[in-house]
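# Overview (structure and organization)
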Amino acid sequence: MTGRIQAHAAILTANILFALNYSYSKSLIPGFLAPETLCIARIGCAAVIFWLVAVTLVRERIRRRDLGWLALAALFGTGGNQYIFLQGLQYTSPVDAAIISVIGPVLVLVISALLGRDRITWLKSIGIAVGAGGALLTILYGGIAHFGSGHLTGNLLVFTAALSYACYLVVVKSLMMRYHPVTVTAWMFGLSTLLLFPFIGRSLFATDWGVFTPAAWGSLAFVVLGATVLSYLCVAGSLKKLKPTTVSIYTYLQPVIASFVAILRGQDKTDWVKIIAALLVFAGVFIVTQSYRFENKTETVDNTVDNPTDPRKTCEQSRG
C-alpha cells in the first residue's frame, strides 16, 4: 500500500511540473529560442544528467534484446513527443495545448486494449469521462479556449504529441518492471539526443544566448530540471506500481493546476466551479484506480472457482 501511495504522489508531482511547463516553454519560444533549439537543449542536458547518475550510482546493464524497446520509448517519449509538442506550441496557446492533452488517457486505454495489456470496461470509461469533464470545465467555463483556424496546425501537432506520449506510457511499462527508472530514462534521453542532434543540433550554435534575461535562464532551468529530469523520473517510478491508464489519467490535472497557479499569482480568482472541476478530476482518478482493484478481485474469485487444485475448494469438497 505504501508503494502505491508513493507512486500516486510521484505521478501527481510529475503532472504539476508538466502543467507549469506549458507557460515556461511558451515564454521561451519563439521569443528566445526556436522550438528545435529548446527541444535539443532540453533532451541533451537531461541526457547528461541522467547518464551521470546512472554511471555513478545505479550501474545497471541493459540486455541487448531490450535495446529495440528502448529505442521505441525514446522515439515516442522524448524525441517525437517533445519535438512535436514544441513545434505545435509555437502556433497555438498553452491553454489550447492543455485541453488537447485531455485526450491522452483515452488514447492510452485504447492502445493498451489493442495490445491486450488492458481492458476497456464501463468503470474505466466512466472514470475517464468524469476526469475529462473536470478538466474541460476548468478551461471552458472561463471562455478562454479559442480553437480558431489559425491554430489548426498547432492543435494537430499537439494532438500528435499526445498520441506519441500515450504510446510511450504503454511501451515503457515493461521496461520499468525490469530496470531502474534512472537506467531506462538515461538510455531514452541518450538515444534521443544521438538521433536528433545531427538534424537540429546546429540550432544551438545559431542561437544568440547573449540576449537571454535572468527570467529566461530561470525558465530554461525549470524546463530542463523540473519539467524534464524530475518529471520523467516521477513518471518512470510510478509505472512500477501503476497501470499506464491510471498514470495517464493524471493528465487531467494539468489544466486544473494551471488554473489554480493563476489564482495564486493573482491572475484569476477561485470559485465553486473551479473547486467542482478539481473534485471531478480526483474522482475520475479514484474510479479508474478502483476499477483495477475490482478486476483483480473478480479474477481471484474466478481462478478459485475454475482451479480444482485450489486448497479452499479441496477443503470444501472434503467436508462435503
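Residues numbered from 1 in each chain as written. Predicted model: local features only at pLDDT ≥ 70, side-chain atom pairs only at ≥ 80, totals over all residues. Heavy atoms only, no water.

## Observations concerning the overall build of the chain
Note the cut-off: Labels follow the DSSP assignment, with helices taken as runs of H or I lasting at least four residues and strands as runs of E lasting at least two, numbered in each case from the N terminus. Accessibility here uses a 1.4 Å probe with only protein chains present; expressed as a share of the type maximum, an area under 20% marks a residue as buried, one over 50% as exposed, and anything in between as partly exposed. Here a residue-residue contact requires only that any non-hydrogen atoms of the pair lie within 4.5 Å. Surface accessibility in these figures is a Shrake-Rupley result with a 1.4 Å probe; residues are shielded only by whichever protein chains are displayed.
Along its length, the chain carries 14 helices and zero strands. Secondary structure of the chain in N-to-C order comes out as α-α-α-α-α-α-α-α-α-α-α-α-α-α. Going through the 320 residues of the chain one by one, you find that 48% of them count as buried. Within the chain, contacts between residues at least 6 apart in sequence are counted, and of these 88% link residues at least 24 apart. For the chain, the exposed area adds up to about 15,700 Å²; of that, 68% sits on carbon and sulfur atoms.

## Let's talk about the packing of aromatic side chains
Keep this limit in mind: Aromatic rings from Phe, Tyr and Trp, taking only the six-membered ring of Trp, are treated as a pair when their centres fall within 6.5 Å; an angle between ring planes under 30 degrees marks them as stacked, one over 60 as edge-to-face, and anything in between as tilted.
Tallying each qualifying case throughout the model produces 12 aromatic pairs. Between F212 and W217, the aromatic rings sit 4.7 Å apart at their centres with planes inclined by 50 degrees, giving tilted as the arrangement. Grouping aromatic residues by their ring pairs yields a cluster made of F18, F50, Y165, Y168, F189 and Y232.

## Quick word on the nonpolar core
A general feature of soluble globular proteins is that nonpolar side chains tend to end up buried together. Cut-off, in case you're wondering: Residue types Ala, Val, Leu, Ile, Met, Phe, Trp, Tyr and Cys, when buried and joined through side-chain atoms within 4.5 Å, form a set referred to as a nonpolar core.
With 77 residues, the main nonpolar core has L38, Y168, L169, V172, V184 and V235 as its most contacted residues. Ranked by residues supplied to this core, first place goes to helix α7 (residues 152-178) with 12 residues. Contact partners of L38, with chain neighbours within four places excluded, come to S25, L28, I29, L33, L86, L220 and V223.

## Looking at the environment of L253
Secondary-structure assignment places L253 in helix α12 (residues 253-264). In this structure, the C-alpha to C-alpha distance between L253 and G131, residues 122 residues apart in sequence, is 8.4 Å. Contact partners of L253, with chain neighbours within four places excluded, come to L12, V281 and F282.

## Examining the packing of helix α8 (residues 181-200) against helix α10 (residues 214-238)
For clarity, the threshold we go by: Fitted lines through C-alpha atoms serve as axes, helices being fitted only where they are in contact, and the angles separating the N-to-C directions of these axes extend from 0 to 180 degrees. Orientation categories follow fixed angle ranges, with anything under 35 degrees roughly parallel, anything over 145 roughly antiparallel, 65 to 115 roughly perpendicular, and all other angles oblique. Left-handed is the label given to a crossing in which the near helix is rotated counterclockwise from the far helix by less than a right angle, and right-handed is the label when the rotation is clockwise. Each residue is assigned to one class: nonpolar for Ala, Val, Leu, Ile, Met, Phe, Trp, Tyr, Cys and Pro, charged for Asp, Glu, Lys and Arg, and polar for all the others, Gly among them.
Where α8 meets α10, the axes come as close as 9 Å, and the angle between the chain directions of the two elements is 125 degrees. Considered as vectors, α8 and α10 are oriented oblique to each other. You can see that α8 and α10 cross each other, and the crossing is right-handed. Residues P181, V182, T185 and F189 of α8 pack against T228, Y232, L233, A236 and G237 of α10. When grouped by side-chain class, the residues that make up the contact of α8 with α10 number six nonpolar, three polar and no charged.

## Things to note about the side chain of K124
Note that K124 resides in helix α6 (residues 122-140). Sequence-distant contacts of K124, defined by excluding residues within four places in its chain, comprise L109, D118, R119, V288, S291, Y292 and E295.

## Things to note about the confidence of the model for the chain
Regions with low pLDDT carry predicted coordinates that are not meant to be interpreted in detail. Filter applied, for reference: The quantity known as pLDDT measures the predictor's confidence residue by residue, on a range of 0 to 100.
Confidence in the prediction of the chain, expressed as mean pLDDT, is 80, and 81% of residues score 70 or more. Segment residues 311-320: pLDDT under 50, and seven contacts once partners within four positions in sequence are set aside and those in other chains are kept.

## Thoughts on a nonpolar patch on the surface
Note the following rule: Like-charged residues are merged into a patch within 9 Å and nonpolar side chains (Val, Leu, Ile, Met, Phe, Trp, Tyr) within 5 Å, provided each residue has over 30% relative accessible area and no salt bridge. Whenever Lys or Arg places a side-chain nitrogen within 4 Å of a carboxyl oxygen from Asp or Glu, that contact is recorded as a salt bridge.
Judged by side-chain polarity, W69, L72, L75, L195 and F199 come together as a nonpolar surface patch covering roughly 500 Å² of accessible area. Mapped onto the nonpolar patch, the elements with two or more residues apiece are α3 (67-89) and α8. Considering every element that reaches the nonpolar patch, the biggest residue donor is α3, with three residues. Relative to the helices and strands, L195 is located in helix α8.

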